[in-house]
Every structure is written in structure tokens, then in C-alpha cells.
Amino acid sequence: MESKFADINLSSVAAAIADPARARMLCLLLDGRARTATELAAAADIGASTASSHFQRLREQGLVDMAVQGKHRYYRLANGEVGHALEALLVVAGTERAPFKPSTPSALREARTCYDHMAGTLAVRIHDAMVARRWLAEDGRDYVLTSLGEASLAQLGVDAAAARQRRRRFACACLDWSERRSHLGGALGAALLDALMQRGWITKDLDSRALCVTRKGARQFPAFFGMPDAQAAGGALHEDTHVAA
């Protein structure tokens, strides 16, 4: 930092981290997933009102961001720099962070519907692959579908032009309930789910929101989206005799 107030700013950030309850909550967010205020308060063993003041302090120091989804408020680290700083401090402290352990039923955790688009581990992996391949570009809280992305998704039968005509957000990050990371929402997310079902890569469970990866999908997902293993990425393999093997 070149600012003459760098030392003062540093001390303010350090003070925000130094409180044991706030440090505990920040460490829980190190896996990149978001958590509700209730979850973080419970983990820090503090009350809701106390947690509220802690969240305000952390936001003021630029350490966390808040995302509102439905009735819930989710908190996550503000950026990668915060994560790197916390990791370095954990090394100095000689401790290791605990891995995230979702409590969602496995069938729904792997792949499911979220309104009219796809959610779960598979959906998060697809989202990450589309961002990494520069098919999607961030535009504030929304996404822009790049020309490369539009041409690539067209191969699946996704009509991006038609999706843009729908009276709703075109493409946005939707916080995943089980993974606590983003999957693709909006009209584009709905169009992608429809296309994957039309091509027989996934099928819907008749009795729940769970989605199943077919044998065809297990072969096609890795090559198309660049994922190492479609079945491991999410969705139980479905024995579907109507889908070409």
C-alpha cells in the first residue's frame, strides 16, 4: 500500500479479524461457499443480535459480502484476497480449516432442479466450466454470454436469442442450496436444462426434484464441458433404456 494511512487501515482490518467469533465465521467461509447468518452464528456460538453486529463490522472492513436469496441472507468472503490472507494467518497460527460437509440428501445434492434450472454439484461444476472456458463473462450480478459461449451452447440446442426475449433475467449466478456456491440461473439456465433433457443427458426423477445423469450424459459431459468425470461431478447414473447407449 502507498497510502500514508496503510498502517491504520491494516490495524482496522486486523482488529475485525481478531475477535474469536468473527475469526471463526471467516474461517468457515474459506471453502468459497456461502452460509446463512443463522449457521454462522451457531458455529460461533453467539446469538443472532450479536452476530448481526459482527456481520456489519466484517462488511464495513470489506471482508465479507452478503447475498439475498428468497427469505435468506447468505454471507461469503468478499474476494480471493481475503481468502489468501486468512489462509496465510492460519499457517502462522499452525491450524487447518475443517472441510465443508453438506447435510443435503445425496440424491438432491448431486443434481436437482431449482425452479426451472439445474442445481447441485453437477450444476456448479457446469457453471465453473462455463466461466473458466470464457463462455460466460461477469457483468455485475449477472452474466454476459460471450460469442464463444453462444456458439458452444448452440451445439446443445440452446437458443440464446429466444432466452433473451423472455421477461426475466437472462443469465445470473444463483447460490446453490447444498454446495453454497453458484450455479447458472435465469432464462439461460432454464434453456440449458431443457436442452440437456432433450438430448437425453439427464432425466427427471418422477417423485422428487432429483435429476439423473444417463449413460449418454456420463459420456458427453466430460468432453463438452471439460469435466473429468460426469458421474462423479453429480447425478446418479440412470439406467434408461430409452437413451442410446
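Per an unreviewed UniProt entry, the protein goes by the name HTH arsR-type domain-containing protein and belongs to Achromobacter piechaudii.

Engineer: I would appreciate a short explanation of the pairing of strand E6 (residues 136-139) in the present structure.
Structural biologist: The two faces of a sheet get side chains in turn, since along a regular strand they alternate between them. Both E6 and strand E7 (residues 142-145) contribute to a ladder of four bridges, which runs antiparallel. Bridge assignment links Leu136 to a residue of E7, and that residue is Leu145. Between E6 and E7, which pair antiparallel in sequence order, lie two residues; one of them, Gly140, sits at a positive phi of approximately 70 degrees.

Engineer: What exactly am I supposed to notice about the nonpolar core here?
Structural biologist: Nonpolar side chains in soluble globular proteins tend to be buried together. Ranked by size, the top nonpolar core spans 34 residues in total, and within it Ile126, Leu156, Leu192, Phe221 and Phe225 carry the most contacts. Looking at this core, the elements that each hand over two or more residues are helix H7 (121-132), E7, helix H9 (160-164), helix H10 (186-198), strand E11 (211-214) and helix H11 (215-225). Top element by residues in this core is H10. It accounts for seven residues. Here Leu192 is in contact with Ile126, Met130, Leu153, Leu156, Val158, Leu184 and Phe225, once residues within four sequence places are set aside. Membership of the second largest hydrophobic core comes to 21 residues, among which are Met25, Leu28, Leu63 and Leu86.

Engineer: Hey, could you run me through the state of the cysteines in this one?
Structural biologist: Put plainly, two cysteines are in a disulfide when a covalent bond ties their sulfur atoms together. Evaluation of the coordinates by the stated rule reveals zero disulfides. Of the cysteine sulfurs around Cys172, a residue in no disulfide, the closest is that of Cys174, at 6.5 Å.

Engineer: It is not clear to me how the side chain of His127 should be interpreted in this structure. Could you clarify?
Structural biologist: With respect to the helices and strands, the residue His127 is situated in helix H7. The contacts of His127, once residues within four sequence positions are left out, are Tyr143, Ser182, His183 and Leu184.

Engineer: In this structure, what is going on with the packing of aromatic side chains? I would like to understand it.
Structural biologist: Centre distance and the angle of the planes are the two values used to describe a pair of aromatic rings. Inspection of every chain in the model, using the stated rule, returns seven aromatic pairs. Summarising the aromatic geometry, the rings of Phe55 and Tyr75 are spaced 4.2 Å apart at their centres and angled 20 degrees between planes, so their arrangement reads as stacked. Linking Phe55 in helix H4 (residues 48-60) with Tyr75 in strand E3 (residues 72-77), this pair joins segments that are 20 residues apart in sequence. Comparing Phe55 with Tyr75 shows no difference in burial state: the two are buried.

Conventions used here
- Residues numbered from 1 in each chain as written.
- Predicted model: local features only at pLDDT ≥ 70, side-chain atom pairs only at ≥ 80, totals over all residues.
- Heavy atoms only, no water.
- Pairing = 2+ DSSP bridges.
- Helix = DSSP H or I, 4+ residues; strand = E, 2+ residues; numbered from the N terminus.
- Core = buried A, V, L, I, M, F, W, Y, C linked by side-chain atoms within 4.5 Å.
- Buried < 20%, exposed > 50% of the residue type's maximum accessible area, 1.4 Å probe, protein only.
- Contact = heavy atoms within 4.5 Å.
- Disulfide = S-S within 2.5 Å.
- Phe/Tyr/Trp six-rings, centres within 6.5 Å; stacked < 30°, edge-to-face > 60°.

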